[in-house]
Amino acid sequence: QVQVTESGGDSVQDGGSLTLSCVISKYRGCMGWFRQAPGAEREGVATMNSRGAITYSDSVKGRFTLSKDNEKSPLLLQMNNLKPEDTAIYYCAAGCTEQKNWGQGTQVTVSS
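Residues numbered from 1 in each chain as written. Predicted model: local features only at pLDDT ≥ 70, side-chain atom pairs only at ≥ 80, totals over all residues. Heavy atoms only, no water.

(A) Representation of the side chain of S21 in the model. Inspection of the secondary structure puts S21 in strand 3 (residues 18-24). Classification of S21 by relative accessible area gives buried; the value is 17%. Sequence-distant contacts of S21, defined by excluding residues within four places in its chain, comprise T5, E6, S7, W33, P74, L75 and L76. (Helix = DSSP H or I, 4+ residues; strand = E, 2+ residues; numbered from the N terminus. Buried < 20%, exposed > 50% of the residue type's maximum accessible area, 1.4 Å probe, protein only. Contact = heavy atoms within 4.5 Å.)

Structure representation (structure tokens):
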């Protein structure tokens, strides 16, 4: 069983920063962050494939940074210059297909 645990969500002002952390109990090759805003579909934010290549959604490019120092390190999402439209529940996931292991989610709220 793969366990995925996120942390770091908070309430911040427009322009603020947060860093989300994800601990994945077993390596599954691919991993990343997704988010779901109220009334919206879940969308990919920043993902890493099995070769370490990172893909960002257009809406967060230049503001968010995905990183993982080594196999034992948590998956981090550094979020800078946050905007109200970034408000959502952020989910970490592990796996390269639709059959992913998901975390419970962590709330990010950006107010103006």
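(B) Main features of the environment of I24. Looking at where I24 falls in the secondary structure, it is placed in strand 3. With 43 residues separating them in the primary sequence, I24 and S67 have C-alpha atoms 14 Å apart. Beyond its immediate chain neighbours, meaning those up to four positions away, I24 contacts V2, Q3, V4, M31, C92, A93 and A94.

(C) Up close: the nonpolar core. Membership of the largest hydrophobic core comes to 25 residues, with the highest contact counts inside it found for I24, W33, V45, F64, L77, M79 and Y90. Looking at this core, the elements that each hand over two or more residues are strand 3, strand 4 (31-36), strand 5 (43-48), strand 7 (64-67), strand 8 (75-79), strand 9 (88-94) and strand 11 (106-111). (Core = buried A, V, L, I, M, F, W, Y, C linked by side-chain atoms within 4.5 Å.)

(D) Structural view of the state of the cysteines. Summed over the entire model, instances satisfying the criterion amount to two disulfides. Through a disulfide, C30 is tied to C96; the S-S separation comes to 2.1 Å. Taking the torsion about the S-S bond as the criterion, the C30 to C96 disulfide, at about 95°, is right-handed. With C30 in the loop between strand 3 and strand 4 and C96 in the loop between strand 9 and strand 10 (101-102), the pair connects residues that are 66 residues apart, well separated along the chain. Assigning the bonded cysteines of the protein chain consecutive numbers by sequence position, one obtains the connectivity 1-3, 2-4. (Disulfide = S-S within 2.5 Å.)

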